[in-house]
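Chain by chain, the residues run as shown.
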Amino acid sequence: MAVLGATGYAGVELLRILVQHPRVRLAVVTSQQFVGKQVSEVYPSLVGKCDLVLQEIQVEKIASQIELAFTALPHETSMDVVPDLVERGKRVIDLSADFRLRDPKSYLRWYRPHKAPHLLREAIYGLTEMHRKGIAKARLVANPGCYPTGAVLGLAPLFAENMVQGTVLIDAKSGVTGAGRSNSVELSFSEVNENFKAYNVGVHRHTPEIEQELSQIAERSISVLFAPHLVPMSRGILSTMYVEPKQSLGEEKLIKVYKDFYRQDPFIRILPSGCFPQTKEVRGSNDCAIGLRYDSRVRRLVVITVIDNLVKGAAGQAVQNMNLMYGFPEVEGLQGTALVP
Ligand SMILES: NC(=O)c1ccc[n+]([C@@H]2O[C@H](COP(=O)([O-])OP(=O)(O)OC[C@H]3O[C@@H](n4cnc5c(N)ncnc54)[C@H](OP(=O)(O)O)[C@@H]3O)[C@@H](O)[C@H]2O)c1
């Protein structure tokens, strides 16, 4: 296996999971700025577990050493590398946004012109719980964004059961690792600490991805209002979704709808009535916990999900997808419990 972009937050989380995976042998790790150093020099947490030397990306050389590559590169960089890997017969799980949108026009509108539009139709969207069959056979998996994972897992049962009317409001709060290991001023300690802010309200690039997936589940065109926020914690996303249901319904019935929908999904946990999830209960784990409330006074449903953005929102889900692609048990390498406190 290779991890391209191994020194980023998603990449090093992949390494943390993969070094403990019983059926994986890591052969290649890449970086742009640390070429020639051992990855364990950059991240001492890996000393003795993964001491591979970081390479620059040379597709031909990498392809000769691996069967599958995880690409944890920035969007617009991934699409320079992924087509070449796929053409050389390698399977790819891309963690960037480059292959998530099926329509090249949509990619153009939210990003820029796509360099490999033929692969957009082929790529399988890697929200594991929704697309197991396609993922198992895929050459290219487009691993979902962190916000879309939390939002879509929370809303899928309602759209699948045709229970929603009106526009859903998604109010999501993320820890700072969601933005990667950047040196930008906005993500520096003094800007983030003791602060809580909204950003890109209504224009965030994860909006079309959420709408695409919900539209497929609902079998009609869905639009959402998406308001992301940054909170002063390292990991985690808590998403609160406000939904107008078609009919009033009791909370026990609602919980049953969710439990039935996710009955075969080992990482999805539906909380009992009156319980709401918190980010610490999933921190470091591949779980998604979902809490539900129907407020009969105002006839609105509130769905709250929590995930670790780097695990279920990125590396954990990517490994879950890899397990499916190789016919390994879906939970292999992912059974660690959350870090509490
Ligand atoms: N962070 C999350 O929670 C999260 C969740 C889901 C998906 N993702 C997606 O996963 C991808 C990686 O995210 P991240 O948060 O890990 O970002 P990051 O911390 O900024 O890491 C980016 C990685 O890509 C490498 N890189 C950057 N530019 C490159 C270039 N031009 N050529 C070759 N390598 C290059 C970097 O190498 P060096 O720094 O060593 O030079 C680093 O290893 C992104 O597309 C992101 O959208 C992230």
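Residues numbered from 1 in each chain as written. Predicted model: local features only at pLDDT ≥ 70, side-chain atom pairs only at ≥ 80, totals over all residues. Heavy atoms only, no water.

Digging into the layout of surface pockets
Argument step 1. Its volume calculated, the largest pocket comes out at about 1600 Å³.
Argument step 2. What lines the largest pocket is a set of 48 residues, and nearest its centre among them are Leu73, Pro74, Gly178, Ala179 and Gly180.
Argument step 3. Partitioned by chemical class, the residues of the lining of the largest pocket number 19 nonpolar, 23 polar and six charged.
Argument step 4. By volume, the second largest pocket is sized at about 260 Å³.
Argument step 5. Looking at the second largest pocket, it is lined by 15 residues, and the ones nearest its centre are Val12, Glu13, Arg16, Ser45 and Arg235.
Argument step 6. Taken together, the residues of the lining of the second largest pocket break down into six nonpolar, four polar and five charged.
Argument step 7. Looking at the lining of the second largest pocket, you find at least three residues from each of domain 1 (2-122) and domain 2 (147-308). (1 Å grid on protein atoms, 1.4 Å probe; cavity = no way out; pocket = protein on both sides within 12 Å on 5 of 7 lines; lining within 4 Å. Points joined across faces, edges and corners; volume = space filled by probe spheres on them. Nonpolar A, V, L, I, M, F, W, Y, C, P; charged D, E, K, R; others polar. Domains from an automatic or database assignment.)

Describing helix H8 (residues 146-160)
Argument step 1. An ideal rise of 1.5 Å per residue puts 21 Å on 15 residues; H8 measures up with 21 Å between its terminal C-alpha atoms.
Argument step 2. Of all the bends in H8, the greatest reaches close to 35° and is centred on Gly154; the proline Pro157 follows between one and four positions later.
Argument step 3. Among the 15 residues that make up H8, 14 are buried, leaving the element largely enclosed by the rest of the structure. (Helix = DSSP H or I, 4+ residues; strand = E, 2+ residues; numbered from the N terminus. Expected span 1.5 Å × (residues − 1). Bend = angle between axes of the 7 residues up to and from the residue. Buried < 20%, exposed > 50% of the residue type's maximum accessible area, 1.4 Å probe, protein only.)

Observations regarding helix H11 (residues 251-261)
Argument step 1. Listed in full, the buried residues belonging to H11 are Glu251, Leu254, Ile255, Val257 and Tyr258. Within H11, the buried residues cover an arc of 155° as seen down the axis, which keeps them to one side. Those residues of H11 that are exposed and angled more than 90 degrees off the buried face are Glu252, Lys253 and Lys256.
Argument step 2. Elements that come into contact with the buried residues of H11 comprise H8, strand S12 (268-270), strand S13 (288-295) and strand S14 (300-307). (Arc of directions from axis to C-beta. Contact = heavy atoms within 4.5 Å.)

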